[in-house]
Every structure is written in structure tokens, then in C-alpha cells.
Amino acid sequence: MAVLTLPPPAQRTAPESSAGTKRSRKLRDNLTGHTFLIGAVLCFALFMWYPMIRGVVMSFQRTRRGETSWVGWDNYLRIIDDPSFWTAWKNTFYFTGLALVLGFAVPFFVAILLNEFRHAKGYLRVLVYLPVMLPPASALFLFKFYAYDPSEAGLFNAILKALHLPTSEWMQSPTMTMPAMVLASTWMNMGGAVLIYLAALQNIPGELYEAAELDGAGIWKRIRHVTIPQTRLILALLAMLQIVATMQLFIEPLILANGAGTQDSATSVAYLIYQHGFFQNDLNGAAALGVIMLVVLAAFSAVYVRLSTKQD
């Protein structure tokens, strides 16, 4: 009688093999992610951290004919004693204040207006966002040579003349320089803010507006008691970003006012840094002025974060 011999049962190695595959896949994914992260950190360190640290070091040094010496606070004292320093800060704060009144409020109300339209929403959004897609230099040259032409051929002067109002010299007038720059800057940059506001407005529940209408609230009361409270965080964030951006005013005076403007009415802190570094060959003074601006913006950001934390 023949005896059948069965082969030994196969060892189950599938779970161990599956676990090893998962570990290798996880290790590969982590390695890929860390590789991208290291590249981003190196680029950020090379183009952001190193220039900042180098600028702080240069602000305490003086370079003459290739020789560098340590001078301590001399560059800061020399910059602060310069009358242009205080003029530049006054102009910068003036521009920032006007930008908050005009450049911050206008995009919000334009977003509310666009949100009420039922037709041609896409077309209107493209129309509002179109100036953002233009190069800033091109848009500013358009304002300088077409809209702000001091003669009656200029667009704004032609409108004023048609309304029987006095015309203006715009960028040649010390009193109109800053408002004109704020107007141009608002037109160029408000498209992005309008889209952000629109996204925030569309997240507001419609029941809140319906309840307000049932209570007899008009359009302004609905904006005050529903729209603004529901978009408070977005408004606060964009206000901070706008203040930080407008404090770095540079390209507008450079193109529209040829730098300083009439009677230094357009000189900003950022343009003064450019002037020290590239016209006066005073890199150490420019670095000191840049560090002062960095401290002012950092202090403002810290105050904002502190206040927003308390409100939350």
C-alpha cells in the first residue's frame, strides 16, 4: 500500500513582507518630503535670513575704500539727524493713513456690490481683477502720462473741466502728490482684496440677512450688524497686511513723482533707503535705515498679534 507524503505547509511571510513594504514606503515618502523641505529652507535662508543678518551687521559698520571698520551706533545717529529721515517717515505714515481710508474701504464695498449682482458675476470679477495682472510699472506709467497729465489733455483734468471744477497739477502739486499715489495704488492692487472679500461674503449664512430684513434693517444696518461682524477676521488680517505693504512704499514715488517729488512730498522711507544705497553710495546708512524700518514693522506686527489674541 503506497503512503502519500504531503509537502510541509508553506510559511506565511505575507504579513511580514507587507509590513516591510509599508515601512519602506513611509521612509521613502518622508525622505521625499524632507528633501523638498530642506530645499525650501535653504532658499529661504539664502535669500531672506542671510540678507537680513548681513544688513544688521552692516548697519554697525563703515566701509571706506574696501576697508570695513566697526562704528557702533554712528550710522543710526547720522541717519536720524538727517532732515530727510523725518520727512520720509511723515510721508510714509501719511500714505499709509490715506491707503487705509481709501484703499482698504473701497475694495470691501466693491466686493459687497459685486456680491449683490445676479448676472455677469464672472465678467465683473475679471474686470476688477484685471489691473492686478498688469505689471505695476506699466500701470503707473499709464497714470503718469495719461491720467495725471497736468494739462487739460489729462483724463482726470478733462473730467474735472467737464464738471466745471478746477483742474489740478496732480504730481506737480505738493498737496495732491500723496492722494494721487494712493488712488493709483488702490486701482492697481484692490483686485486681490476684492476676491478675498467675495469669498468671505459668500460664506455668510443667508439666514442672518433674512432675519435682519424681517427686523426691518436696511442695507447699511445689515452691513454694520451682519456683514462686518461676520468678516471681522478677514478685515483685520487684510488691514495688517495692507499697513505692512504700504509702509514699504517705493515704486509709486519712483515712477509717478520721479523719486522725491515736489518739495520732497513723495519721499518715502523705502525710497530714502534706495537713495542712500545707490545714489550716495552709503550702504551702511541704507542698512541702518532698513533695520529701523524692520523694527517699526515688527513692533506693529507684535502689537497687532497681541491685540488680536486678546480679542479672541
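Here, every reference points to the structure presented above.
Keep in mind it's a predicted model, so treat the numbers as computed, not measured.

Participant: Got a minute to help me understand the overall build of the protein in this structure?
Facilitator: The number of helices and strands found in the protein is 14 helices and two strands. Against the compact-globule benchmark of 20 Å for 312 residues, the protein has a radius of gyration of 29 Å, which places it well outside the compact range. Dimensions along the principal axes, computed over C-alpha positions, put the protein at roughly 125 × 75 × 40 Å. When burial is assessed residue by residue, the protein has 33% of its 312 residues classed as buried. For the protein, the share of sequence-separated contacts (at least 6 apart) that also reach a separation of at least 24 residues comes to 64%. By element, 67% of the accessible surface of the protein is carried by carbon and sulfur atoms, the whole surface being about 20,200 Å². Charged side chains in the protein number 23 positive and 18 negative. The centres of these two groups are separated by 11 Å.

Participant: Before we go on, may I ask you to explain unusual backbone geometry in this structure?
Facilitator: Excluding glycine, most residues fall at negative phi; most peptide bonds, likewise, are trans. The backbone phi angle of H164 is positive, close to 60°, even though this residue is not glycine. Its identity is not glycine, yet D264 carries a phi of approximately 55°, on the positive side. Turning to its location among the elements, D264 is positioned in the loop between α12 (251–256) and α13 (269–278).

Participant: Where do I start with a nonpolar patch on the surface in this structure?
Facilitator: On the surface, L37, V41, F44, L46, F47, M48, W49, M52, I53 and L294 cluster together into a nonpolar patch covering about 1,000 Å² of accessible area. Sorting elements by how many residues they give to the nonpolar patch places helix α1 (residues 14–58) first, with nine residues. Its location among the elements puts V41 in helix α1. Residue V41 is classed as partly exposed on the basis of its relative accessible area, which comes to 39%.

Participant: Explain the nonpolar core here, please?
Facilitator: The nonpolar side chains of a soluble globular protein tend to be buried with one another. Residues F104, A111, L114, V194 and Y197 are the most contacted members of the largest nonpolar core, which totals 21 residues. With six residues, the single largest contributor to this core is helix α8 (residues 177–202). In this structure Y197 touches F104, P107, F108, A111, I234, L235 and L238, once residues within four positions along its chain are discounted. Y148, M171, A180 and A266 belong to the second largest nonpolar core, which has 20 residues in total.

Participant: Just to check I follow, could you spell out the pairing of strand β2 (residues 67–70) for this structure?
Facilitator: Note on strand geometry: in a regular strand, side chains alternate between the two faces of the sheet. As paired elements, strand β1 (residues 61–64) and β2 share four bridges and run antiparallel to each other. In the sheet register, R62 faces β2, and the bridge partner there is S69. The antiparallel hairpin formed by β1 and β2 contains two residues in its connecting segment, where R65 sits at a positive phi of about 55°.

The rules behind each value
Residues numbered from 1 in each chain as written. Predicted model: local features only at pLDDT ≥ 70, side-chain atom pairs only at ≥ 80, totals over all residues. Heavy atoms only, no water. Helix = DSSP H or I, 4+ residues; strand = E, 2+ residues; numbered from the N terminus. Rg over C-alpha atoms; globule rule 2.2 N^0.38 Å. Buried < 20%, exposed > 50% of the residue type's maximum accessible area, 1.4 Å probe, protein only. Contact = heavy atoms within 4.5 Å. Areas by Shrake-Rupley, 256 points an atom, 1.4 Å probe, with all protein chains shown as cover. Lys, Arg positive; Asp, Glu negative; His and termini not counted. Charge placed at Lys NZ, Arg CZ, Asp CG, Glu CD. Patch = residues over 30% accessible without salt bridge, like charges linked within 9 Å, V, L, I, M, F, W, Y side chains within 5 Å. Salt bridge = Lys/Arg side-chain N within 4 Å of Asp/Glu carboxyl O. Core = buried A, V, L, I, M, F, W, Y, C linked by side-chain atoms within 4.5 Å. Pairing = 2+ DSSP bridges.

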